[in-house]
Amino acid sequence: MGFLADRILRIKPSATIAVTDKARALKAAGRDVIGLGAGEPDFDTPENIKEAAIKAIRDGKASKYTAVDGIPELKAAIARKFKRENELSYKPSQIIVGTGGKQVLYNALVATINPGDEVLIPAPYWVSYPDMVLLAGGEPVPVATTMESGFKMKPEALERAITPKTKWIIFNSPSNPTGAAYTRAELKAVTDVLVRHPHVHVMSDDMYEHLVYDDFEFFSPAQLEPQLYERTLTVNGVSKAYCMTGWRIGYAGGPEPLIKAMAMIQSQSTSNPTAVAQWAAVEALDGPQDFIPKHNKIFKERRDLCVSMLNQANGIRCPKPEGAFYVYPSCGGTIGKVAPTGKKLATDEDFVTELLEAEGVAVVQGAPFGWSPAFRISYATATTALEEACARIQRFCGNLK
Ligand code: GLU
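Predicted model only: the values in this text are computed from it and were never measured. (Residues numbered from 1 in each chain as written. Predicted model: local features only at pLDDT ≥ 70, side-chain atom pairs only at ≥ 80, totals over all residues. Heavy atoms only, no water.)

A. Fine view of the overall build of the protein. When its secondary structure is counted, the protein shows 14 helices and twelve strands. Radius of gyration (C-alpha) of the protein: 21 Å, near the 21 Å computed for a compact globule of 401 residues. Over its C-alpha atoms, taken along the principal directions, the protein stretches across nearly 60 × 55 × 55 Å. Expressed as a percentage of the 401 residues in the protein, the buried residues total 56%. Counted over contacts in the protein with a minimum sequence separation of 6, partners at least 24 positions apart contribute 74%. (Helix = DSSP H or I, 4+ residues; strand = E, 2+ residues; numbered from the N terminus. Rg over C-alpha atoms; globule rule 2.2 N^0.38 Å. Buried < 20%, exposed > 50% of the residue type's maximum accessible area, 1.4 Å probe, protein only. Contact = heavy atoms within 4.5 Å.)

Here you go:
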């Protein structure tokens, strides 16, 4: 018997974090690397939010422990946000604040999963969902999608995947890594299936809600289908829309017993999310929202730039997604070809490794997202760097033999 727990042997390191760390290390070592790995906005946290945090420190509000599940002021701001933007009513006792969306999702799984419980995860999925389920002792069950369907789950595929052991579906629209976002009709087709299976709970990760383009209208599952309200955990956070990834504030609204169990886990593990970050989040949710459309205009231009330039690269096919700040092109047309190092590309991992080696562009391979051969680009980076990166990808693909 080894020293490490069996559950640790079930998981692997986060690929998004690994690529981001690798790009950072190569840059520090003096290499010319363009990092398109990290899924975080390149914009700085807006000034009013920073000022609110500084004021909270000065006023002595940041020094002490807070309520484990979040300060009442932030819970109230979250309740207003859910009502205003999603037509969802949550009492303070139905809301929890955590250290990033990640902690909220993880605690919800730990609070509910028994050995053998199945969790449906439409693929491609964010790398951390399956490993969180495994850590909680459950079984991740990918539900396949196709590029032709815009990486959106068909209701028939969902219906087929549900078993008596299904506890949750983790739903993420707009999606990390594909940027795919379900229209009202597409979401309705999914929620119609879920209504017929009352034992399936819905974990809706709405982190990219505000990052949608071309007049796309966002709906959260419990908003569109009130019959799902009692069994939905609506998860969100300030990281992406408010450029606050480093502050680590995520939150959720859901059934009171679940929220209570999640708070109990926090009370025995991390205690409260950082006090100063919570005060910053109050300002984010209650303060001016006008920078969001300004950022989105820039993100949309970058999306269009990436899609157009990647589709001109030999062997790459890149669909145009509705939201988030990712594109997820297939590199199927490059598999079997030979890179400048002499390495034959057999997998998308080979593709991204050789791309980094030859051109200094860091992207994340598709395999850990559950759909290959492909790779994820985060276009939340300076437009000039992005253009240069896409030109390098074109050159890399053009030089493959
Ligand atoms: N969600 C971001 C990403 O996918 C941040 C890194 C992570 O937590 O995975 O890149």
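B. Representation of the side chain of Gln-365 in the model. For Gln-365, the location among the structural elements is in strand β11 (residues 364–365). Residue classification places Gln-365 among the buried residues on the basis of a relative accessible area of 12%. With residues near it in sequence (within four places) discarded, Gln-365 still touches Ala-15, Val-19, Asp-348, Glu-349, Val-352, Ala-374 and Phe-375.

C. Spotlight on the site of the ligand. For the ligand, the full set of nearby residues is Thr-16, Ile-17, Ala-38, Gly-39, Lys-102, Trp-126, Asn-176, Tyr-208, Lys-240, Tyr-326 and Arg-376. A distance of 2.8 Å is found between an oxygen atom of the ligand and a side-chain nitrogen or oxygen belonging to Arg-376. For the ligand, whose free accessible area comes to 270 Å², the fraction covered by protein is 85%. Here the ligand is seated within the largest pocket. Classifying every residue of the shell around the ligand by side-chain character gives five nonpolar, three polar and three charged. (Near = heavy atom within 4 Å. Polar contact = N/O pair within 3.5 Å; in protein donor to acceptor, adjacent residues only side chain to side chain. Areas by Shrake-Rupley, 256 points an atom, 1.4 Å probe, with all protein chains shown as cover. 1 Å grid on protein atoms, 1.4 Å probe; cavity = no way out; pocket = protein on both sides within 12 Å on 5 of 7 lines; lining within 4 Å. Sits in = over half its atoms within 2 Å of the grid points. Nonpolar A, V, L, I, M, F, W, Y, C, P; charged D, E, K, R; others polar.)

D. Main features of the pattern of salt bridges. Here the structure, examined in full by the defined rule, presents 30 salt bridges. Among the salt bridges present, the one from Arg-392 reaches Asp-32, with a minimum N-O distance of 2.8 Å. Residue Arg-392 is found in helix α14 (residues 383–399), and its partner Asp-32 is found in the loop between α2 (15–28) and β1 (34–35); the two are separated by 360 residues along the sequence. A relative accessible area of 7% places Arg-392 in the buried class. Classification of Asp-32 by relative accessible area gives exposed; the value is 51%. Close ionic contact of Lys-50 with Asp-44 constitutes a salt bridge, the shortest N to O distance being 2.7 Å. Assessed through its relative accessible area of 23%, Lys-50 is described here as partly exposed. A network of salt bridges, in which partner residues are shared, links Asp-214, Lys-300, Arg-303, Asp-304 and Lys-320. (Salt bridge = Lys/Arg side-chain N within 4 Å of Asp/Glu carboxyl O.)

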